[in-house]
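Listed below are the residues making up each chain.
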Amino acid sequence: MATSESIHMEAARGQSPEPIRVPAREALAGFVDGGEAIPAAAYYPAAARGDRGRVPEAETHYSVSLSVPASPSGLHLAACASVRSDGGARVAPWPSAEAAPPPELLKQARHQSQPTLTIRSEEPPLQRLRTVSRSDSTRDRRFDHFKTFSGRLERQLSNLRGVVPEIEPAESKISEEGTDDDEVPTADRYFAALEGPELETLRPTEVSALPEDETWPFLLRFPISAFGMCLGVSSQAMLWKALQSEPATAFLRVSPHVNHALWWVSVALMAVVSSIYLLKIVFYFEAVRREFHHPIRVNFFFAPWIACLFLVKGLPHPVWTIHHVVWYVLMAPILALDLKVYGQWMSGGDRRLSKVASPTNHLAVVGNFVGALLGARMGLREAPIFFFAVGLAHYVVLFVTLYQRLPTNVQLPKELHPVFFLFVAAPSVASMAWARLCGEFNHGAKIAYFISLFLYMSLVVRINFFRGFRFSLAWWAYTFPMTSAAIATTLYASAVTNVLTRALAVGLAGIASVTVAGVLVATMYHAFVRRDLFPNDVSIAITQRPKAKFSKILAHLRSSKELVFAVSRHGGGSDTSSESPSPMACGRGRAEP
């Protein structure tokens, strides 16, 4: 369609029509002006004086025609407005080629696409906000709250483009009332919204903040507990290095290539898991914050640093050749987490140990023993003893609390039974750390080792306790404690050498290796074949408040009623005024045959 805006003037008494050039902005008066309506009274004095339906005598000889071309965005809109006298002639096209509009007028009236188009200037303000949005309305905004910028950047870009923001329904405003994007749910909110000892299941009375009937983005489904895979594989590198170097297992003649292969596999797995979780921190930091404030998930934030300590301990080269700065760098985050978590356990409140105690809390203690073990192996003295003392004090308190809590509270579901093996991890690593600090496997190390051995046997004999449930990431809780017990048994066999201790060391090492291999194969099968390893993480998709207070709901209902009454009154006034149509409407009505 050619772009044109013109005014045809023709005399009512047979005079030849004569084209007159008019700027495009003036031609749009009374209908649309860059998305804002211009009052018709500014261009029709008769309407302003109250003479509706009648145009002054000096204006009865003119006919106005306006056409808007098709929009480049695909919104084809044509609007025509005519004003003519009772006896006026029909508007004719340009009479000849010589009378065609000049190029200057065509250039001046060129269509400019706008982000939004506002129409119906004669309607009330609420009806004039009918806009046609661009592709922003088709974007899924349900996950914006968990993004790093919470969708604010997209909204700012839309405002710069001139896109009018969509009006949110009253229901969403009520559900979001009283929430703050800068706050995460408190521990009491987690306990109220989630159920189960590990707080992994949403209660039936709660409404999830994310859709439950579809798969979420991968980064939102990738939990911090995935670092348990790194713990299991990297501890295997330590085990096979001990089997190679300890005198009690020298008869096995373990090749050093096994330790090299396992160490490089551990490094690769650690790099992959760390990279994915770093991407989650970059793009979905709100989800990471919720995991850190989760009463149970916070313990898994020790796992990356413990896995790094395992990698350094299982390094094929001698450990004492590594600079001491590496140890201090790895222990600094563990010390910071100790101050945070142990302070919450002791200070009381909704995160006190008697309320949040679970087997996963052993991860918050094991890091101190692993750090003491590596520090003593590297030749350090005072700092490893400090971490060993801190870990021992809190392990005793945690051990007693768990024994008092578990029989009187909700039992762990079958899917989480593997985390009971974390009871074995802390005393096993503590026995090795004390032996390295003292230089020999003395009575203190033997006491800790025998505690771990008894706990190991008490769990193994309960075969029915660890079968009959589906595979999940919780199965990796088998691997790290079993491997730690095998390494401690190897050191004990070197101190107390006989056939029984050697057989026990070889047997526990074989069980640990088979378990790690089986869990690793099952993990790859569920991750790449069945693709159900990472389900929707409902533990982070809880709302800050399940529903607004009753008074706030009444306030919203009252305001919505007032808005409906105001719109109805405004609409009624416009209906009465429509009985005497405006000059534009009159002209449009007379132009119709």
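This one's a predicted model, so the numbers in the text were calculated from it and none came from an experiment.

Draft legend 1. Main features of the pattern of salt bridges. For the structure shown, the criterion picks out 8 salt bridges. For Glu286, the salt bridge goes to Arg289, with nearest N and O atoms at 2.8 Å. With Glu286 and Arg289 both in helix 11 (residues 285-293) and 3 residues apart, this pair spans about one turn of that helix. Arg530 serves as the salt-bridge partner of Asp532, at 3.8 Å between the closest nitrogen and oxygen. Relative accessible area serves as the criterion here: at 49%, Arg530 is assigned to the partly exposed category.

Draft legend 2. How the structure looks around a nonpolar patch on the surface. On the surface, Met524, Tyr525, Phe528 and Val529 cluster together to form a nonpolar patch covering roughly 460 Å² of accessible area. Within the secondary structure, Val529 sits in helix 20 (residues 499-530). Assessed through its relative accessible area of 56%, Val529 is described here as exposed.

Draft legend 3. Examining the packing of helix 12 (residues 303-313) against helix 13 (residues 324-347) more closely. For the pair helix 12 and helix 13, the least separation of the axes is 10 Å and the interaxial angle reads 155°. One element, helix 12, and the other, helix 13, form an angle in the roughly antiparallel class. In this structure, helix 12 meets helix 13 at a crossing whose hand is left-handed. Along the contact surface, helix 12 presents Trp305, Cys308, Leu309 and Val312, while helix 13 presents Val326, Leu330, Met331, Pro333, Ile334 and Leu337.

Draft legend 4. Main features of the nonpolar core. Leu220, Phe227, Leu231, Val273 and Phe369 are the most contacted members of the largest nonpolar core, which totals 114 residues. Here this core takes 11 residues from helix 17 (residues 422-438), the largest share from any one element. Filtering out sequence-adjacent residues up to four positions away, Phe227 remains in contact with Met270, Val273, Ser274, Tyr277, Ala303 and Pro304.

Draft legend 5. Quick peek at the environment of Glu206. If you trace the backbone, Glu206 turns up in the loop between strand 5 (201-202) and helix 8 (218-221). Here Glu206 falls in the buried class, since its relative accessible area comes to 13%. Remark: the alpha-carbon pair of Glu206 and Ile542, spanning 336 residues in sequence, is separated by 7.8 Å. Among the polar contacts listed, one links the side chain of Glu206 to the side chain of Arg189, at a separation of 2.8 Å.

Draft legend 6. Spotlight on the side chain of Thr501. By secondary structure assignment, the location of Thr501 is in helix 20. According to the relative accessible area criterion, Thr501 is buried, its value standing at 7%. At 2.8 Å, the side chain of Thr501 and the backbone oxygen of Val496 are in polar contact. When sequence neighbours within four positions are dropped, the list of residues in contact with Thr501 reads Thr489, Tyr492, Ala493 and Val496.

Calculation notes
Residues numbered from 1 in each chain as written. Predicted model: local features only at pLDDT ≥ 70, side-chain atom pairs only at ≥ 80, totals over all residues. Heavy atoms only, no water. Salt bridge = Lys/Arg side-chain N within 4 Å of Asp/Glu carboxyl O. Helix = DSSP H or I, 4+ residues; strand = E, 2+ residues; numbered from the N terminus. Buried < 20%, exposed > 50% of the residue type's maximum accessible area, 1.4 Å probe, protein only. Patch = residues over 30% accessible without salt bridge, like charges linked within 9 Å, V, L, I, M, F, W, Y side chains within 5 Å. Areas by Shrake-Rupley, 256 points an atom, 1.4 Å probe, with all protein chains shown as cover. Axes fitted to C-alpha atoms, helices over the stretch in contact; angles between N-to-C directions. Parallel < 35°, antiparallel > 145°, perpendicular 65-115°, else oblique. Left-handed = near helix turned anticlockwise from the far one by under 90°. Contact = heavy atoms within 4.5 Å. Core = buried A, V, L, I, M, F, W, Y, C linked by side-chain atoms within 4.5 Å. Polar contact = N/O pair within 3.5 Å; in protein donor to acceptor, adjacent residues only side chain to side chain.

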